[in-house]
Amino acid sequence: MGGVGKTQICLKFIEELLSNDYNFWRIFWIDGTNTETLANGFLSIADDPEAKSKGIEKSPEEVLRWLTAIQ
């Protein structure tokens, strides 16, 4: 999907959020090429110190639940 503006969309998203005083504690980049790379991306998030301190199990489903519950 080269040349469709993925990078520009991400940069604009961050620009808008930063200009509106939003705060992030982490930004995770996950390779969405296929289901295997998605699963591996979620598994790598389970190694994050904050996830470990919350007792997040090393499974894509558990990481996704944790990410959607963060406030």
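Worth saying up front: this structure is predicted, and the values here are computed from it rather than measured.

Trainee: How should the nonpolar core be read in this particular structure?
Mentor: One broad trend across soluble globular proteins is that nonpolar side chains are buried collectively. In terms of nonpolar packing, the biggest core is built from seven residues, these being Phe 42, Ile 45, Ala 46, Ala 51, Ile 56, Val 63 and Trp 66. Of all the secondary structure elements, the ones that give two or more residues to this core are α2 (35-45) and α4 (60-69). Here Ala 46 is in contact with Ala 51, Lys 52, Glu 57, Lys 58 and Val 63, once residues within four sequence places are set aside.

Trainee: Teacher, can you tell me more about the environment of Gly 32 here?
Mentor: Position of Gly 32 among the secondary structure elements: in the loop between α1 (6-19) and α2. Between the C-alpha atoms of Gly 32 and Asp 21, which are 11 residues apart in sequence, the distance is 28 Å. For Gly 32, the residues in contact, after removing those within four places along its chain, are Thr 37 and Leu 38.

Trainee: Would you mind going over the pattern of salt bridges with me for this structure?
Mentor: Proximity of charged atoms lets side chains of opposite charge pair with each other. Taken as a whole and judged by the stated rule, the model has six salt bridges. Of the charged contacts, one joins Lys 12 and Glu 15 as a salt bridge, the two residues approaching to 3.4 Å between their closest N and O atoms. Taken together, the positions of Lys 12 and Glu 15, both in helix α1 and three residues apart, correspond to about one turn of that helix. Among the salt bridges present, the one from Glu 50 reaches Lys 54, with a minimum N-O distance of 3.9 Å. Note on Glu 50: relative accessible area 29%, which makes it partly exposed. Here the salt bridges share partners, and the residues they tie into one network are Lys 12, Glu 15 and Glu 16.

Trainee: Looking at this structure, I do not really get the confidence of the model for the protein chain. What am I missing?
Mentor: Across the protein chain, pLDDT averages 87, with 93% of residues at or above 70. Predicted confidence in the protein chain is weakest over α1, with a mean pLDDT of 86, and strongest over α2, with 95.

Trainee: When you look at the environment of Lys 52 in this model, what are you seeing that I'm missing?
Mentor: As for its position among the elements, Lys 52 is in helix α3 (residues 49-53). Using a relative accessible area of 54% as the deciding quantity, one classes Lys 52 as exposed.

Trainee: Any chance you could explain the packing of α2 against α4 here in plain terms?
Mentor: Angle between the axes and distance between the axes: these two values describe a pair of packed helices. Between α2 and α4, the shortest axis-to-axis distance is 8 Å and the interhelical angle comes to 65°. Considering only the axes of α2 and α4, their crossing is left-handed. Along its contact with α2, which presents Ala 39, Phe 42, Leu 43 and Ile 45, the element α4 presents Pro 60, Val 63, Leu 64, Trp 66 and Leu 67. Split by residue class, the contact of α2 with α4 holds nine nonpolar, no polar and no charged.

Calculation notes
Residues numbered from 1 in each chain as written. Predicted model: local features only at pLDDT ≥ 70, side-chain atom pairs only at ≥ 80, totals over all residues. Heavy atoms only, no water. Core = buried A, V, L, I, M, F, W, Y, C linked by side-chain atoms within 4.5 Å. Buried < 20%, exposed > 50% of the residue type's maximum accessible area, 1.4 Å probe, protein only. Helix = DSSP H or I, 4+ residues; strand = E, 2+ residues; numbered from the N terminus. Contact = heavy atoms within 4.5 Å. Salt bridge = Lys/Arg side-chain N within 4 Å of Asp/Glu carboxyl O. pLDDT = per-residue confidence, 0-100. Axes fitted to C-alpha atoms, helices over the stretch in contact; angles between N-to-C directions. Left-handed = near helix turned anticlockwise from the far one by under 90°. Nonpolar A, V, L, I, M, F, W, Y, C, P; charged D, E, K, R; others polar.

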